[in-house]
Amino acid sequence: MAQSTDSQERLEAFNEKLRRLGIFGYWMRSGREQRQTEPSVLKWSTIYPLLLEAGEVVRLGGEAFRRNMGGYQIVMPGEHAAAHRHTASAMRFIVVGDGSAYTTTNGEQMFMEPGDLLVQPSFGWHDHSNPGEEPVIWMDMLDTSLIQTLEVEFREEWPGADQQPVTHPEGFHAQLYGMVRPARLIGSQLGSPQDSPPVTYKFRDARKTLELMAAEEEFDPYDGVLLEYANPATGGHTLPTMCARLQMLRPGEATRPHRHTGGVRYHVVQGQGASILDLESSKELAWEDHDSFHISSWHWHQHRNRSKTEPAILFSISDSPIAEAFGFYREEKG
Ligand SMILES: [Fe+2]
Ligand SMILES: [Fe+2]
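Residues numbered from 1 in each chain as written. Chains lettered and ligands numbered in written order. Predicted model: local features only at pLDDT ≥ 70, side-chain atom pairs only at ≥ 80, totals over all residues. Heavy atoms only, no water.

Trainee: Before we go on, may I ask you to explain the coordination of the iron ion (ligand 1) in this structure?
Mentor: Protein ligation of the iron ion (ligand 1) involves H84 (NE2), H86 (NE2) and H126 (NE2), the donor distances falling in the range 2.1 to 2.2 Å. Of the residues examined, H84 reaches a relative accessible area of 4% and is grouped as buried. In this structure H126 comes out as buried when scored by relative accessible area, which is 1%. (Donors = N, O, S within 2.8 Å, 3.2 Å for Na, K, Ca; no water. Buried < 20%, exposed > 50% of the residue type's maximum accessible area, 1.4 Å probe, protein only.)

This is how it looks when you write it as structure tokens:
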């Protein structure tokens, strides 16, 4: 039955009174669909010049402690971003750079070449340096929303200086947690984020695995050739709160639709294609090199490589391990 104008006005006035008092009625929560923004592609051709402009007009260490924008971060030649640490874990997927910039994490120098993934566990000390001639730009993903929900947000500045000293060579932590490792790291219950080592996953290694899988015809009908960056401590998801994946859509490949819990942010490493969302409306997100887009939890999606000759490669980060940890993970295949 349609609500009368009178009672609708009365309800709105009541809600407004509650808002003024800082009280939130359950009925005031907007519906799930209304809360989600319309899915769209962030074009690289839009964000890239803006990042470069931010590099000129926003002073690092002045107006900005970090120069984050649209999910990306830029450090200009000769700049340093000061050392600190926080509860939120971070993943960095490098998009632009000449390989001379690096992040120092827990004393290890982690160099940033395009396509590399740098994983920084919870409360790891980190600062960024760019001694090169070119800007370095990376896609940034942190689990801040979970940290805020849990009310466990802590943060510290590195005492007395902008940069922490480099105390470990490149690859130190990957070696320590590798195929041969200290005996104390065998069979341990290394499940907490603090137990995860900072690790650089080189693009050349990930790409080689994709190519080996493609040659073996190991593919998933919903994701194409799909790999995940394994946590070297546990062998499980990249971090307890986020997983990073790389997938290859072979020339002309179109995946079948599915939906699952967990939001996924995609970055197009290379290629041209489209992701089709929500089966009924068939909304299509067209993408190409370095574009990014987000698919919300429990939304249908499928991907298509438009090229008949070249593979498309998508990098993605999802928060699905959180739901999975509590037994809430769900998937439906179309
Ligand atoms: Fe940070
Ligand atoms: Fe998916």
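Read on, since the account is not over.
Trainee: Would you take a moment to explain the coordination of the iron ion (ligand 2) for this structure?
Mentor: Between any two of four tetrahedral donors, the ideal angle at the metal is 109.5 degrees; between two of six octahedral donors, it is 90 or 180 degrees. Within the protein, H258 (NE2), H260 (NE2) and H301 (NE2) serve as the donor atoms for the iron ion (ligand 2), at 2.2 to 2.3 Å. For H258, a relative accessible area of 3% translates into the label buried. The class for H301 is buried, based on a relative accessible area of 1%.

Trainee: Can you help me understand the nonpolar core in this one?
Mentor: Among the nonpolar cores identified, the biggest contains 33 residues, and W44, Y72, M91, L117, Y229, L246 and F315 are the most heavily contacted of them. Contacts of M91, omitting those with residues within four sequence positions, involve L117, L118, V119, M139, D140, M141, T238, L239, M242, C243, A244 and I317. In terms of nonpolar packing, the next biggest core, distinct from the first, is built from 12 residues, V41, L277, W287 and L314 among them. (Core = buried A, V, L, I, M, F, W, Y, C linked by side-chain atoms within 4.5 Å. Contact = heavy atoms within 4.5 Å.)

Trainee: What is the right way to look at the side chain of S320 in this model?
Mentor: With respect to the helices and strands, S320 occurs in helix α7 (residues 320-325). Residue classification places S320 among the buried positions, given a relative accessible area of 9%. Not counting residues up to four positions away in its chain, the partners in contact with S320 are C243, T261, G262 and Y329. (Helix = DSSP H or I, 4+ residues; strand = E, 2+ residues; numbered from the N terminus.)

Trainee: Is there a simple way to think about a nonpolar patch on the surface in this case?
Mentor: A contiguous nonpolar surface patch, about 460 Å² in accessible area, is contributed by L11, F14, Y26 and W27. Along the polypeptide, W27 turns up in the loop between α1 (5-20) and α2 (32-35). Under the relative-accessibility criterion, W27 is labelled partly exposed at 49%. (Patch = residues over 30% accessible without salt bridge, like charges linked within 9 Å, V, L, I, M, F, W, Y side chains within 5 Å. Areas by Shrake-Rupley, 256 points an atom, 1.4 Å probe, with all protein chains shown as cover. Salt bridge = Lys/Arg side-chain N within 4 Å of Asp/Glu carboxyl O.)

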